[in-house]
Amino acid sequence: MSAIRLNQLILQDLGQHKLVILLLIGAMGSALAVIELTHMNRQLTISQDKLFQQRDALDMEWRNLLVEQRALSEHSRVEELAKKQLLMVRPLGQQDIVVDEP
């Protein structure tokens, strides 16, 4: 019988302190929201750092490719490859052909 009476007292006490219970639930919900948002913020910061590292790596690769492109397109290198691999030679003065546009 005391268990039934205790349950009634608890329910009656809860009914009298509705505002306190609502504030407690609100505080708990707010705390859980802060925890979740902090976790999301940390995850986004980690993701942003990874993207910055990837951007820096791609930028470095792009610069290296530009240097390589400049080195490969130098006139002296192209002329040397044409002579060695394609066995090309410069035409002599009498071998030059001039084409006039109509």
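Note that the coordinates shown come from a computational prediction; the quantities given were computed from them, not determined experimentally.

(A) Structural context of the overall build of the protein chain. Counting its regular elements, the protein chain contains three helices and zero strands. In sequence order, the secondary structure elements of the protein chain are arranged as α-α-α. Rg of the C-alpha trace for the protein chain: 40 Å, well past the compact-globule value of 13 Å for 102 residues, more than 25% over. With 102 residues in all, the protein chain has 1% of them scored as buried. Summed over its atoms, the accessible surface of the protein chain is roughly 10,100 Å², and 63% of this surface lies on carbon and sulfur atoms.

(B) Structural view of the pattern of salt bridges. Under the defined criterion, the tally for this structure stands at five salt bridges. As a salt-bridge pair, D59 and R63 come within 3.2 Å of each other at their nearest N and O atoms. Pair noted here: D59 and R63 are both in helix α2 (residues 18-72), with a separation of four residues, about one helical turn. A single network of salt bridges, built from pairs that share partners, joins E79, K83 and R90.

(C) Region of interest: the environment of A27. For A27, the position within the fold is in helix α2. Its relative accessible area of 44% is what places A27 among the partly exposed residues. Remark: the alpha-carbon pair of A27 and N64, spanning 37 residues in sequence, is separated by 55 Å.

(D) Spatial organisation of unusual backbone geometry. In this structure, L87 takes a positive phi of about 55 degrees despite not being glycine. Mapped onto the elements of the fold, L87 is located in the segment after α3 (75-85).

(E) The arrangement of a nonpolar patch on the surface in detail. There is a patch of nonpolar side chains on the surface, built from L6, I10, L11 and L14 and spanning about 390 Å² of accessible area. With respect to the element layout, I10 can be found in helix α1 (residues 2-16). By relative accessible area, I10 is classed as partly exposed at 42%.

(F) Geometry of the confidence of the model for the protein chain. For the protein chain, mean pLDDT is 90; residues scoring 70 or higher make up 97% of the total. Within the protein chain, the element-level pLDDT minimum falls on α1, averaging 83, and the maximum on α2, averaging 96.

(G) The environment of V99, seen in detail. Mapped onto the fold, V99 is located in the segment after α3. Along the chain, V99 and D13 lie 86 residues apart, while their C-alpha atoms are 107 Å from each other.

Calculation notes
- Throughout this description, residue numbers start from 1 for each chain and increase along the sequence as written.
- Local features are withheld for residues below a pLDDT of 70 in this predicted model, meaning they are given only at 70 or higher, and side-chain atom pairs are given and counted only at 80 or more; totals for whole chains, interfaces and linings count all residues.
- Only hydrogens and water are removed before side-chain values are computed, so all heavy atoms of the structure are retained for them.
- Starting at the N terminus, helices and strands are each numbered in turn, a helix being any DSSP run of H or I of at least four residues and a strand any DSSP run of E of at least two.
- Note on method: radius of gyration uses C-alpha positions; expected globular size equals 2.2 Å times residues raised to 0.38.
- Exposure categories follow from relative accessible area, calculated using a 1.4 Å probe and restricted to protein chains: below 20% of the type maximum is buried, above 50% is exposed, and the middle band is partly exposed.
- The method behind every accessible area is Shrake-Rupley, applied with a 1.4 Å probe, and residues are considered shielded solely by the protein chains displayed.
- What makes a salt bridge here is a side-chain nitrogen of Lys or Arg within 4 Å of a carboxyl oxygen of Asp or Glu, nothing more.
- Only residues whose relative accessible area exceeds 30% and that form no salt bridge enter a patch; like-charged residues are grouped when within 9 Å of one another, and nonpolar side chains (Val, Leu, Ile, Met, Phe, Trp, Tyr) when within 5 Å.
- pLDDT measures the predictor's confidence residue by residue and takes values from 0 up to 100.

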